[in-house]
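Here are the chains, one letter per residue:
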Amino acid sequence: MSELEKEIHKRRTFAIISHPDAGKTTLTEKLLLFGGAIHVAGAVKSNKIKKTATSDWMEIEKQRGISVATSVMGFEYDGYKINILDTPGHQDFAEDTYRTLTAVDSVIIVVDSAKGVEAQTRKLMEVCRMRHTPVMIFVNKMDREGRDPFELLDELEEELKIGVRPLSWPIDSGQRFKGVYNIYQEKLDLYTPSKQTVTESIGFKDINSPDLEKHIGGPLAAKLREDIELIDGVYPELDINTYLKGQIAPVFFGSALNNFGVKELLDCFVKIAPSPRPVEAIEREVNPEENSFSGFIFKIHANMDPNHRSCIAFVKICSGKFERNVNYKHIRLNRQLKFSSPTAFMAQKKETVDEAYAGDIIGLPDTGNFKIGDTLTSGEDLHFKGLPSFSPEMFKYIENADPMKSKQLQKGIDQLMDEGVAQLFTNQFNGRKIIGTVGQLQFEVIQYRLLHEYGAQCRWESLNLYKACWIESENKQQLDDFKKRKAQYMAVDKEGRDVFLADSNYVLMMAQQDFKDIKFHFTSEF
């Protein structure tokens, strides 16, 4: 195996997704703890330690306790290089999460043992299914009163439309929670509630040995044997290939807050999760082991460092090796760029890297050269596909609340819109600026960040629209006629493309019927 292949096979790039509050950020933090990337556990919930969760570092996230932007973190564990993308669970930021899923090779879904599968998780699972992404499931909060584990497994199969195979099994739950039996490694993990220590585990090849009673008592030992027998009867053996095809999901039980069951998940994950996989470009399939570098931008983040108003573009490397200070071709602009300070992340601690390999995610300082979906290569013209912007469902006029600061407001809007958090439309009838988002919370985030990061004040004016759709047509006369008739509902997006702002479903349907030669698009990728 060449040096390049070795490096690539060590990589595991995955996203953690869940409904808000299922314990995703806590799980991320515990994984970092095992990787030696952070040294204090429980820093999320404990007030004694004034550090907030490592992966939530934007001011507004700390105030609200939710993850707004997708964080990228890398660490080494057991000879593997692991890249985690922690995604926002809140549905107002679903679009950011959908895009993140295009940059990972596998996914871990966190489910709350009391609440089961929730709406947001179902939606995200659809994206994984579409892309055949392998999935593992972590059932969290076993130390609280929850539902029967067999019931949960049924619900996972039904709601997520995927086969499951438990690889660890809980021994009771809630206050009587005793631990889990690790089916994958055949050992017993006993639970002691503590946020700082990792629990003792005992090798147990033969679950029928009378030693089991010593550790967990007669009644529980009998139940555990029964459960395991049932599992072996009902669920198929874990077949790595069906997992890799995204048809079956291994399930682990534990409590992320108490650091229980997390190591078992991680140990199994690094062994069976896929290393970087081939990526479809419009021109051809790109293999990670190719020698020449290629990658795409899946996210842009303004203001990583409040002292320097810079943006960072996140690049997922699809093939080959990226090197610092080497010229790469920016396909859309058709020019060569080189980067003197590419960074890798450990949440907000970032360090400059000299090289990175397929599967890694690096940050490139951006002075306005990048848009989401851009491709960089060693010279070949490639276009990676599948990074859509969805058509927004909520709209407001954005107005300047402080005439002295109009320049700052303009700059702030430009940078935040490049992140793809929301979309900007300029009404062609009256020249007013309209912001479109997929959720209410984004308006608050934009207002907050404009004020705190750019010193600009904005105010919102409500606007009742149904949907924005991009329009195009070969029939120029019909297009011009449409634009004249709908003049007050016509806008342009940031790229200068025509957008029709329909104020009701009825109006949109009539427009589609009356103007047969015009195509109406609901994502910006066409």
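Keep in mind it's a predicted model, so treat the numbers as computed, not measured. (Residues numbered from 1 in each chain as written. Predicted model: local features only at pLDDT ≥ 70, side-chain atom pairs only at ≥ 80, totals over all residues. Heavy atoms only, no water.)

(A) Highlighting the overall build of the protein chain. Each helix and strand counted, the protein chain has 14 helices and 31 strands in total. Within the protein chain, residue pairs in contact and separated by at least 24 positions form 71% of the contacts whose partners lie at least 6 positions apart. When the accessible surface of the protein chain is totalled, it reaches about 22700 Å², and 48% of it is carbon and sulfur. (Helix = DSSP H or I, 4+ residues; strand = E, 2+ residues; numbered from the N terminus. Contact = heavy atoms within 4.5 Å. Areas by Shrake-Rupley, 256 points an atom, 1.4 Å probe, with all protein chains shown as cover.)

(B) Looking closely at the packing of aromatic side chains. One pass over the full model with this rule turns up 14 aromatic pairs. Ring plane angle 55° and centroid distance 4.5 Å describe the contact between Phe14 and Phe269, whose orientation is recorded as tilted. Of this pair, Phe14 sits in strand β1 (residues 11-18) while Phe269 sits in helix α10 (residues 262-272), and the two are 255 residues apart along the sequence. Under the relative-accessibility criterion, Phe269 is labelled buried at 1%. (Phe/Tyr/Trp six-rings, centres within 6.5 Å; stacked < 30°, edge-to-face > 60°. Buried < 20%, exposed > 50% of the residue type's maximum accessible area, 1.4 Å probe, protein only.)

(C) Spatial organisation of the sheet that holds strand β30 (residues 498-502). Sheet architecture is open: 8 strands sit in the order β27-β24-β26-β25-β29-β30-β28-β31, paired in antiparallel fashion. Sheet topology places β27 (458-462) and β31 (518-521) at the edges, where each strand pairs with a single neighbour. When strand polarity is set aside, the average angle formed by the axes of neighbouring strands in this sheet is 40°. Each of β28 (467-473), β29 (490-492), β30 and β31 is contacted by helix α13 (residues 476-485), which is oriented at about 60° to β31, the strand it contacts most. (Pairing = 2+ DSSP bridges. Axes fitted to C-alpha atoms, helices over the stretch in contact; angles between N-to-C directions.)

(D) Structural detail: the confidence of the model for the protein chain. When pLDDT is averaged along the protein chain, the result is 79; 82% of the residues meet or exceed 70. Mean pLDDT in the protein chain bottoms out at helix α3 (residues 59-64), which sits at 53, and peaks at β29, which reaches 92. Taken together, the stretch residues 39-52 has pLDDT below 50 and engages in 21 contacts with residues farther than four places along the chain or on a different chain. Counted against residues more than four places away or in other chains, residues 65-70, with its pLDDT under 50, gives 32 contacts. (pLDDT = per-residue confidence, 0-100.)

(E) Quick peek at the pattern of salt bridges. Inspection of the entire model under this criterion finds 28 salt bridges. The partner of Glu399 in a salt bridge is Arg432, with the nearest N and O atoms 2.7 Å apart. Of the two residues, Glu399 is situated in strand β24 (residues 394-400) and Arg432 in the loop between β25 (423-427) and β26 (433-437); the sequence distance between them amounts to 33 residues. (Salt bridge = Lys/Arg side-chain N within 4 Å of Asp/Glu carboxyl O.)

(F) Just the side chain of Lys316, in detail. With respect to the secondary-structure elements, Lys316 resides in strand β15 (residues 311-319). Side-chain polar atoms of Lys316 contact the backbone oxygen of Ala103, separated by 3.1 Å. With residues up to four places along the chain from it excluded, the contact list for Lys316 reads Ala103, Val104, Asp105, Ser294, Gly295, Phe296, Phe298, Gly359, Asp360 and Ile361. (Polar contact = N/O pair within 3.5 Å; in protein donor to acceptor, adjacent residues only side chain to side chain.)

(G) Up close: α13. Among the residues of α13, those classed as buried are Gln478, Leu479 and Phe482. The buried residues of α13 occupy one face: seen down the axis, they fall within an arc of 100°. Of the exposed residues in α13, the ones pointing more than 90 degrees away from its buried face are Lys476, Gln477 and Lys484. Those residues of α13 that are buried lie in contact with β28, β29, β30, α14 (505-514) and β31. One side-chain oxygen at the N-terminal end of α13 lies 3.3 Å from the backbone nitrogen of Gln477; it belongs to Asn475. (Arc of directions from axis to C-beta.)

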